[in-house]
Amino acid sequence: MKLAQIAGFLGSGKTTLLIDVSRELVLRGHRIAIIVNDVGEINVDAKFIESYGLKAREISGGCICCQIAGSFANTIAVLHNTFKPDIIIVEPSGVAIPWGLKRAAEYSEEETDVIIEHAPVITLVDATRIELLMDAVRRLVETQIREADVVLINKVDAATEEQIEKSRTMIKKINPNAEILLVSGRNQVGLKEVADIIETRVSPRYDEAVEKELLRKQYGAG
Amino acid sequence: MEDDDELHLELHRAADELGKYAAKMHVHDPQSFTPDKAKRFMDNLLNAVAKECFKDGADLIGHIKAFVTAPTGTLMGSLVDQKVGVQLTSTLENGKFEEAEVTLHVIVHGIWDDKVRDATRRAIKKVIKEHDLELEVLKDHFDTEKSIEHHLKK
């Protein structure tokens, strides 16, 4: 079973993209389940996603990569045993760290007979608000970009050329290895490409040694 | 794992620079909602919340969104950028309804949860009055720093 993460700061268009990509994958014959981890115990996204006829589960009470990793693993195991999706798409809250989420997802292998495969980690960047975000919540945005395999510059229909180029330069500086795609959730530009990425490509499983080395290089820790 | 924990704590704290408030409410309209009236209510509510939060010191919207569940369908509203305005997605069918459930989520940068709660409650009160509605808060939530508690050394 494949697990795909769609990360990004609040308002970057995660939920809209997640719904459209899920519908595209359903059309391609996949059985899709969605897990959302909103802030606090009152969740708004799961209701919205379900209004599109998609299968959604909400997890609340903390961050799914650490604090409630057990609940996350259990939810994956229960979905596997009952709904039997071949792809689970996760919309983490703004604080989840992708490698932590990979590790938490793999805990589900201890609960049921499932093998987790990871799709490339996707992070959305809102091109129209890039300067504002880098001023206010730089560290959070940088981390989400650093941990991504693919960074989507979203809202290109509304952004200026200058904003798009600024976003691209910033992403390359933070994560030179990331693949960059221009998308527009509103106009569904790039939708099929994102579905292809989730459908056909994989990202490595959690490896503590690799992640520690990454941390040391990126944050100067250790 | 100490380095990981420190990084994780820092990220949670970065996220907790965002003030958060969520509420689940029951709304009653004695004159009945039409789809257009529900949309106007949603637009006014989200803009009023943004205005009150900025008045109290917020400098960036994370997101302000609400989901209305009515007998005739659903309505989602989202405000991220005031220049762009409220984005609405509706499945409301033609026809009137008196009762609806509204879930509201507010995350802004620059003020803490208690201020977001107070600003949001002021905005709700104002918009409810303007639209002649009756409202009951069924459940609400705000918890500054609760999400990083598990990382703090006792």
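Residues numbered from 1 in each chain as written. Chains lettered and ligands numbered in written order. Predicted model: local features only at pLDDT ≥ 70, side-chain atom pairs only at ≥ 80, totals over all residues.

Here the focus is the pairing of strand β1 (residues 18-33) of chain B. All names here are of chain B. Across 12 bridges, the pairing between β1 and strand β5 (residues 97-109) is antiparallel. When the bridges of β5 are listed, valine 27 appears paired with alanine 100. Here 7 bridges tie β1 to strand β6 (residues 134-141), and the two strands are oriented antiparallel to one another. Paired with methionine 25 across the two strands is valine 137, which belongs to β6. (Pairing = 2+ DSSP bridges. Helix = DSSP H or I, 4+ residues; strand = E, 2+ residues; numbered from the N terminus.)

Residue and element names in this part refer to chain B. Put simply, helix α2 (residues 35-55) and helix α3 (residues 113-130) touch, their axes get as near as 8 Å, and they point 145 degrees apart. For α2 against α3, the interelement crossing comes out right-handed. Of the residues in α3, those touching α2 at Phe41, Asn44, Leu45, Ala48, Val49, Glu52 and Cys53 are Val116, Ala119, Thr120, Arg122, Ala123, Ile124, Lys126, Val127 and Glu130. Looking at the contact of α2 with α3, its residues break down into 10 nonpolar, 2 polar and 4 charged. (Axes fitted to C-alpha atoms, helices over the stretch in contact; angles between N-to-C directions. Left-handed = near helix turned anticlockwise from the far one by under 90°. Contact = placed C-beta atoms within 7 Å. Nonpolar A, V, L, I, M, F, W, Y, C, P; charged D, E, K, R; others polar.)

The next thing to look at is the nonpolar core. In summary, soluble globular proteins display a tendency toward joint burial of nonpolar side chains. Residues Ile88 of chain A together with Leu45 and Val108 of chain B are the most contacted members of the largest nonpolar core, which totals 104 residues. Setting aside chain neighbours within four positions, we find isoleucine 88 of chain A in contact with Met1, Leu3, Ala33, Ile35, Ile76 and Leu79 of chain A. (Core = buried A, V, L, I, M, F, W, Y, C linked by C-beta atoms within 7 Å. Buried ≥ 20, exposed ≤ 12 C-beta atoms within 10 Å, placed from the backbone.)

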